[in-house]
Amino acid sequence: YFLNSNSFSNITALAPMVRVGTLPMRLLALDFGADLVYCEELIDIKMVQCRRVVNEVLQTVDFVAPDERVMFRTCEKEKDRVVFQMGGMGAALLSDPDKIEAILMKLVTGVSVPVTCKIRILPSLQETIQLVQRIEKTGVAAVAVHGRFKEERPRNPVHCDYIQAVAQAVSIPIIANGGSLDLVKSHSDIDEFKKATGTSSVMLARAAMWNASVFSSQGTIPVDKVMEEYLKYAIRYENHAFNTKYCLCQMLRDRVESPLGKQVQAAQTNAEISEAFGLQEFYQQTHKELQARRERLQTSSGPERPFKDGDVTCMAVRFQRREYPAQITPKMFLLEWSRKEKVEQPSYETVQRSQDRGFQSTVTVDRRKYRSSLWSKSKKFAEQAAAIVCLRVLGIPEGRIGEELSDLICKRKREEKINSSSDDEQRKKRLVEMDADKL
């Protein structure tokens, strides 16, 4: 995090963009010369419900929602240079300056890092200046001003005169935003945008989304090369494939219906996307390195100790059929437990790797995920292994031979006894009927 308001002067920043400002795009922007990167706008109530997870495999810090989605992922490379964009539906708040002031004062006094604010301009210049002056008094470190009215779209020209007047009316840094379409097309245009708005700092959204090398003082490079660099980060940090596709399609722009664009759109995984760009070898090598790291973590944790792989709790276990009584499996125990505890029934998601056709399954129970770090020879065995991990982490009996009899085993024995008695009765009945036929 930047330490004071001076840190927001004379900077060029990646603007917050929904679905675009995820970790791969932020790192790409930093590589090309951005001083500061904003994450995508995230709803504050969802973030309050998140739990913090240290992902030792990816070497990231993840904030995971109750439904197990990774809402925010960051890493050491962007430390001191990333701004967390907490959404309060800013454009809607423009009509309620009292609420804006109350929210900002609460944040400024409640956190130990600088707080900034991003707004659109109001219908009149005087209203806009008055609002920013009120915002300044809350103690924020800087204000980003998008030079368009609330109802205006990107095709409308940016109002540089409003931004300039605001910059002259306050003492804190003003970050100019909104010049991507008509003013900023290359790095050399950034200084012109600064002059037109009277600011020392600029925030770029679409210009950076289309080609992040706009931040480079060496000049822009072909977008195909930019896309390759972006995809490498997406692979390295296991970015969600659909987010990867979305960002690449934004870079493709009018080429989205080209053969490359259609191949990207048809892809369902980062592995398939890497094929479209000829990065299969990079994907396989990166995947191999991450898997090796997982195995090292598993080894250092010990075979019976759980470790975290992102939001998944893992253990190195296998399902051995001979260790369990007939008709008894860990999956059955886990299902019975979930019913007894009145939680959602376990759901299993299984993948198969191509090199040896091995299977690995992840089970979700009560919104938490569990998986064996070892691959299994069949889908069924992989699911049983995942169930074992869950049961052991939760401290629940799994039904192995020698364990104390559980309600489930007793229930099964009663059923077997009843079935056995029924079979005996049927055999006796048939024998009596055969004897009667002989008479």
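Residues numbered from 1 in each chain as written. Predicted model: local features only at pLDDT ≥ 70, side-chain atom pairs only at ≥ 80, totals over all residues. Heavy atoms only, no water.

Peer 1: Mind showing me how you'd approach the overall build of the protein here?
Peer 2: Looking only at helices and strands, the protein has 16 helices and 17 strands in total. Evaluated residue by residue, the protein yields a buried proportion of 48% over its 439 residues. Counting contacts in the protein only where the partners sit at least 6 residues apart, residues at least 24 apart contribute 63% of the total. Carbon together with sulfur atoms contributes 50% to the accessible area of the protein, which is approximately 23,100 Å² in total. (Helix = DSSP H or I, 4+ residues; strand = E, 2+ residues; numbered from the N terminus. Buried < 20%, exposed > 50% of the residue type's maximum accessible area, 1.4 Å probe, protein only. Contact = heavy atoms within 4.5 Å. Areas by Shrake-Rupley, 256 points an atom, 1.4 Å probe, with all protein chains shown as cover.)

Peer 1: Whenever I open this one, the packing of aromatic side chains confuses me. Can you help?
Peer 2: How two aromatic rings sit relative to each other is given by the distance of their centres and the angle of their planes. Counted according to the given criterion, the structure contains 6 aromatic pairs. A centroid spacing of 6.0 Å and a plane angle of 40° characterise the contact between Phe63 and Phe72, whose relative ring orientation is tilted. For Phe63, a relative accessible area of 24% translates into the label partly exposed. Ring geometry for Phe149 against Tyr162: centres 5.6 Å apart, planes inclined by 85°, an arrangement best described as edge-to-face. Here the residue Phe149 occupies a position in strand β10 (residues 142-149), and Tyr162 occupies one in helix α6 (residues 160-169), the gap between them amounting to 13 residues. Given the relative accessible area of 14%, Phe149 is considered buried. Note on Tyr162: relative accessible area 11%, which makes it buried. (Phe/Tyr/Trp six-rings, centres within 6.5 Å; stacked < 30°, edge-to-face > 60°.)

Peer 1: Quick question: what am I supposed to make of helix α5 (residues 125-137) here?
Peer 2: Counting along an α-helix, one turn takes 3.6 residues, and residues three or four places apart therefore face a common direction. Its 13 residues give α5 an end-to-end C-alpha distance of 19 Å, which sits within 8% of 18 Å, the value for a rise of 1.5 Å per residue. Turning to α5, its buried residues are Thr128, Ile129, Leu131, Val132, Ile135 and Glu136. In a view along the axis of α5, the buried residues occupy a sector of 165°, so they form one face of it. Check the buried side of α5 and you find it contacts α4 (97-110), β9 (116-121), β10, α6 and β11 (174-177). Gly139 sits one or two residues past α5 and shows a positive phi near 100°. (Expected span 1.5 Å × (residues − 1). Arc of directions from axis to C-beta.)

Peer 1: I tried to follow the nonpolar core on my own but got confused; where do I start?
Peer 2: In globular proteins that are soluble, nonpolar side chains generally tend to be buried together. Ile119, Ile135, Ile174, Phe215, Met251 and Phe277 are the most contacted members of the largest nonpolar core, which has 87 residues in total. Among the elements that line this core, the one with the most residues is helix α9 (residues 223-236), at 8 residues. Among residues more than four places away in sequence, those in contact with Ile135 are Ile100, Leu104, Cys117, Ile119, Val140 and Val143. Ranked by size, the runner-up nonpolar core spans 18 residues in total, among them Val317, Tyr324, Leu334 and Ala386. (Core = buried A, V, L, I, M, F, W, Y, C linked by side-chain atoms within 4.5 Å.)

Peer 1: What's the story with the environment of Ile119 in this structure? I'm lost.
Peer 2: Looking at where Ile119 falls in the secondary structure, it is placed in strand β9. Taking C-alpha positions, Ile119 is 7.7 Å from Leu94, a pair spaced 25 residues apart along the chain. With residues up to four places along the chain from it excluded, the contact list for Ile119 reads Leu94, Leu131, Val132, Ile135, Val143, Ala144, Val145 and His146.

Peer 1: For this particular structure, what's the right way to read the pairing of strand β17 (residues 368-372)?
Peer 2: A regular strand carries its side chains on alternate faces of the sheet. Both strand β14 (residues 312-315) and β17 contribute to a ladder of 4 bridges, which runs parallel. Bridge pairing links Met315 to Ser372 in β17. A loop of 2 residues connects strand β16 (residues 359-365) with β17, the two strands running antiparallel in sequence, and Asp366 in this loop sits at a positive phi of about 50°. (Pairing = 2+ DSSP bridges.)

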